[in-house]
Amino acid sequence: MQDDTYQGNKTQRTLTFQEKVWMVCSIVALFVALLWFFKVTFSVFLLILAGALIALFFHGFSQLIHRKLHVPPKISLLVSVILTFVIIGLVLWFTGARIQQQVTELTKTLPLTVNNAKAKLETTSLGQKVLEKTSSQEVSDKGYSFGSSFFNSTFGAFGDIYVVLFLGIFFTFAPKTYINGFLSLIPANGKFLAKCTIDRIGYTLTKWLKGQIFAMLIIFTLTGIGLTIMGMPMAIALALIAGLLNFIPNFGPLIAMVPAILIALTISVNKAIVVAILYIVVQILESNIITPNIQKKLINIPPALTILAQLFMGILTGGWGLVLATPLVAILMVVVQETYVKRINNVG
């Protein structure tokens, strides 16, 4: 009787070869579907991250107002939001008309300036090689492909900005609602670790934002002084662009250099060369002196890791990936530190 029971428990139906093949195919298909879903929705998660960064900025600004003016936290938070939009509006008001006028002038004079520059380059052997390399159809196709992928967006440029701003405002005035909603999805034995990880992420991103804003102010000041000394038109507007684009490590200053050089070309080729040298010098100072000293005091992210993340994220999601690669790396470093490194090293 015992042998029959044992045999009954032991007997199991073995899968046929065809069933095993279908099972493996199903697992692979599920994995591919998850990867596809992750790729499609990853841009949305980046917009959520951008909104969270805006909320952290508003909260950090409100804490500064609260410390300096001693107003209640809720009022200081409202003041920080309103004051930020007022400052942005004033900047656009005072620089918008000048930028539009300069763009109009640029469209009129740039073709002639470019032709003159080409004519001068054709007089030298090195210049002829440069023109051959940069004027080929392959280079233009690659440039168009990179530009289209970089400016690719989830809901269109204005749609993305609209979503990010409103997410930032919602996260600013009701952060606990979203944090508690996320924590409710975590099992009971993991809630404490998840809460600690979220707090650490918020603390790390806040420090990173402080460092970036401080570096942006320094770049704005240095670039503005240099362009003013050179007598460049729209020096303040160009310096503002350089400061804002410095939010994108490594690649932002290079992008900011393009409009400055184009405007300088409307004056002369020599002026464009001097402007390019100025931007390169400021970039060297920012990369080797300003940012390392700031990161040493606030947050330390390996530069190579940042560049690799920007390359991968830029290819995967375009402009948003390039902009948000660094805070994403900071988040991943915190998550790995809290959930894995501390556990294997028995650090509380």
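The structure contained in this document is the topic of the report that follows. Since this is a predicted model, take the numbers as computed values, not measurements.

Rules behind the numbers
Residues numbered from 1 in each chain as written. Predicted model: local features only at pLDDT ≥ 70, side-chain atom pairs only at ≥ 80, totals over all residues. Heavy atoms only, no water. 1 Å grid on protein atoms, 1.4 Å probe; cavity = no way out; pocket = protein on both sides within 12 Å on 5 of 7 lines; lining within 4 Å. Points joined across faces, edges and corners; volume = space filled by probe spheres on them. Helix = DSSP H or I, 4+ residues; strand = E, 2+ residues; numbered from the N terminus. Nonpolar A, V, L, I, M, F, W, Y, C, P; charged D, E, K, R; others polar. Salt bridge = Lys/Arg side-chain N within 4 Å of Asp/Glu carboxyl O. Buried < 20%, exposed > 50% of the residue type's maximum accessible area, 1.4 Å probe, protein only. Expected span 1.5 Å × (residues − 1). Contact = heavy atoms within 4.5 Å.

### As for the layout of surface pockets
Approximately 1400 Å³ is the volume found for the second largest pocket. Contributing elements (two or more residues each) for the lining of the second largest pocket: α2 (17–69), α7 (175–183), α8 (191–229) and α13 (319–344). Per element, the largest residue contribution to the lining of the second largest pocket is eleven residues, and it comes from α2. Looking at the lining of the second largest pocket residue by residue, the class counts come to 23 nonpolar, eight polar and three charged.

### Quick look at the pattern of salt bridges
Oppositely charged side chains can form a pair if their charged atoms are brought close together. Applying the stated criterion across every chain yields a total of two salt bridges. K195 is the salt-bridge partner of D199, the closest N and O atoms lying 2.9 Å from each other. Residue D199 and its partner K195 are located together in helix α8, separated by four residues, close to a single helical turn. With relative accessibility at 34%, the residue K195 sits in the partly exposed group. In this structure, the salt-bridge partner of E338 is R200, at a minimum N-O distance of 2.7 Å. Remark: R200 occurs in helix α8 and E338 occurs in helix α13; sequence separation between them is 138 residues. Residue E338 is classed as buried on the basis of its relative accessible area, which comes to 9%. Residue class for R200 comes out partly exposed when judged on its relative accessible area of 31%.

### Comments concerning α8
In this model α8 runs 57 Å from its N-terminal to its C-terminal C-alpha over 39 residues, within 8% of the 57 Å that 1.5 Å per residue would give. Following α8 by one or two positions, G231 has its phi on the positive side, about 75 degrees.

### Some points on unusual backbone geometry
If you check the backbone angles, H70 has positive phi at about 55 degrees while not being a glycine. Structurally, the position occupied by H70 is in the loop between α2 and α3 (73–121). Residue classification places H70 among the exposed positions, given a relative accessible area of 66%.

### Thoughts on the environment of F171
With respect to the secondary-structure elements, F171 resides in helix α6 (residues 157–173). Judged by its relative accessible area of 15%, F171 falls in the buried class. With 120 residues separating them along the chain, F171 and G51 place their C-alpha atoms 7.2 Å apart. Once you skip the residues sitting within four places of it in the chain, F171 turns out to touch I48, G51, A52, A55, H59 and Y178.

So yeah, pure geometry; function would need other evidence.
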